[in-house]
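A structural walkthrough
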Amino acid sequence: MDGLDEGELLRRVARGDRRAFDALYRRTAPWLTARLRRRCADEDVVAEVLQETYLAVWRSAGSQARSSTSGSAVGWLWTIAAHRLIDAFRHRARRERIPSVQTFETVAPPAEDEALAGGMDANLERALHALPAELRQVLRSMVLDGLTARETALLLGMPEGTVKTRARRARIALREALS
């Protein structure tokens, strides 16, 4: 396999030749790793991108091997790796933007239960129980538990805009039920 160029190795990989894949990996991985390290200092990200790159090579070598206008095999490898690195940076940025919500062990009954047990007005109690479950859940988190819309969104696993819409719908429904 040492006498074959990267293009021929890629064509053999496209036919499912594992030895050709190993040879292609041994030949190109050090170079590709060095290029990735110049763009990313995080070794874990580089290793993950390298793994995803060669997995993509194994899966889609046939499309590159059949294409006569796609350029060199090494250029194709670098294009895959560069796209995977950009995806990793985007994923990291999304993860860092989402604030973590601390969870605490429950040591007291939920605020809703306390409010209901504390002699809540019968009309308000009926109006709360008449709300659809998804509206009641948002209202409980925001009003009784005192969470912000963002914290409620993270807690319930839904977009912040959906939380705001449901909170508004719940308040309108309560206002109508109580008037």
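So, how was this worked out
Residues numbered from 1 in each chain as written. Predicted model: local features only at pLDDT ≥ 70, side-chain atom pairs only at ≥ 80, totals over all residues. Heavy atoms only, no water. 1 Å grid on protein atoms, 1.4 Å probe; cavity = no way out; pocket = protein on both sides within 12 Å on 5 of 7 lines; lining within 4 Å. Points joined across faces, edges and corners; volume = space filled by probe spheres on them. Helix = DSSP H or I, 4+ residues; strand = E, 2+ residues; numbered from the N terminus. Nonpolar A, V, L, I, M, F, W, Y, C, P; charged D, E, K, R; others polar. Core = buried A, V, L, I, M, F, W, Y, C linked by side-chain atoms within 4.5 Å. Buried < 20%, exposed > 50% of the residue type's maximum accessible area, 1.4 Å probe, protein only. Contact = heavy atoms within 4.5 Å. Phe/Tyr/Trp six-rings, centres within 6.5 Å; stacked < 30°, edge-to-face > 60°. Lys NZ or Arg CZ within 6 Å of the ring centre and 35° of its normal. Expected span 1.5 Å × (residues − 1). Bend = angle between axes of the 7 residues up to and from the residue. Polar contact = N/O pair within 3.5 Å; in protein donor to acceptor, adjacent residues only side chain to side chain.

- As recorded in an unreviewed UniProt entry, the protein goes by the name RNA polymerase subunit sigma-24, listed as coming from Micromonospora inaquosa.

**Let's talk about the layout of surface pockets**
- Of the voids in this model, the second largest pocket is the one considered here, and its volume is about 160 Å³.
- Lining the second largest pocket, in full, are Asp 42, Asp 44, Val 45, Glu 48, Glu 52, Asp 87, Ala 88, His 91, Arg 92 and Arg 95.
- Elements with a contribution of two residues or more to the lining of the second largest pocket: helix H3 (43–66) and helix H4 (73–97).
- Per-class residue counts for the lining of the second largest pocket are 2 nonpolar, 1 polar and 7 charged.

**Here's the deal with the nonpolar core**
- Within the largest apolar cluster, 26 residues are counted, with the highest numbers of intra-cluster contacts made by Leu 10, Leu 24, Leu 32, Leu 36, Tyr 54 and Val 57.
- Of all the elements in the fold, those that place two or more residues in this core are helix H1 (6–14), helix H2 (18–39), H3 and H4.
- Residue contributions to this core peak at 8 residues, all from H3.
- Here Val 57 is in contact with Leu 10, Val 13, Phe 21, Leu 24, Trp 76, Leu 77 and Ile 80, once residues within four sequence places are set aside.

**Description of the packing of aromatic side chains**
- Under the definition given, this model contains 3 aromatic pairs.
- Taking the centre distance of 5.3 Å and the plane angle of 80° together, the rings of Phe 21 and Trp 58 count as edge-to-face. With Phe 21 in helix H2 and Trp 58 in helix H3, this pair connects stretches of sequence that are 37 residues apart.
- Overall, Phe 21 belongs to the buried group, its relative accessible area being 16%.
- Aromatic pair Tyr 25 and Tyr 54: ring centres 4.8 Å apart, planes at 70°, arrangement edge-to-face. With Tyr 25 in helix H2 and Tyr 54 in helix H3, this residue pair connects regions lying 29 residues apart in the sequence.
- Here the aromatic cluster, defined as three or more aromatic residues joined through ring pairs, consists of Phe 21, Tyr 25, Tyr 54 and Trp 58.
- The positively charged end of Arg 35 is found above the aromatic ring belonging to Trp 78, 4.1 Å away from the centroid.

**Examining H2**
- Over its 22 residues, H2 extends 30 Å from the first C-alpha to the last, a length consistent with the 32 Å expected when each residue adds 1.5 Å.
- Taking the largest bend as the criterion, H2 deviates by roughly 40°, centred on Thr 28, and proline Pro 30 comes between one and four positions later.
- For H2, the set of buried residues is Ala 20, Phe 21, Ala 23, Leu 24, Thr 28, Ala 29, Leu 32, Thr 33 and Leu 36.
- At the N-terminal end of H2, a side-chain oxygen is found 2.9 Å from the backbone nitrogen of Arg 19, two or three residues along, and the residue is Asp 17.

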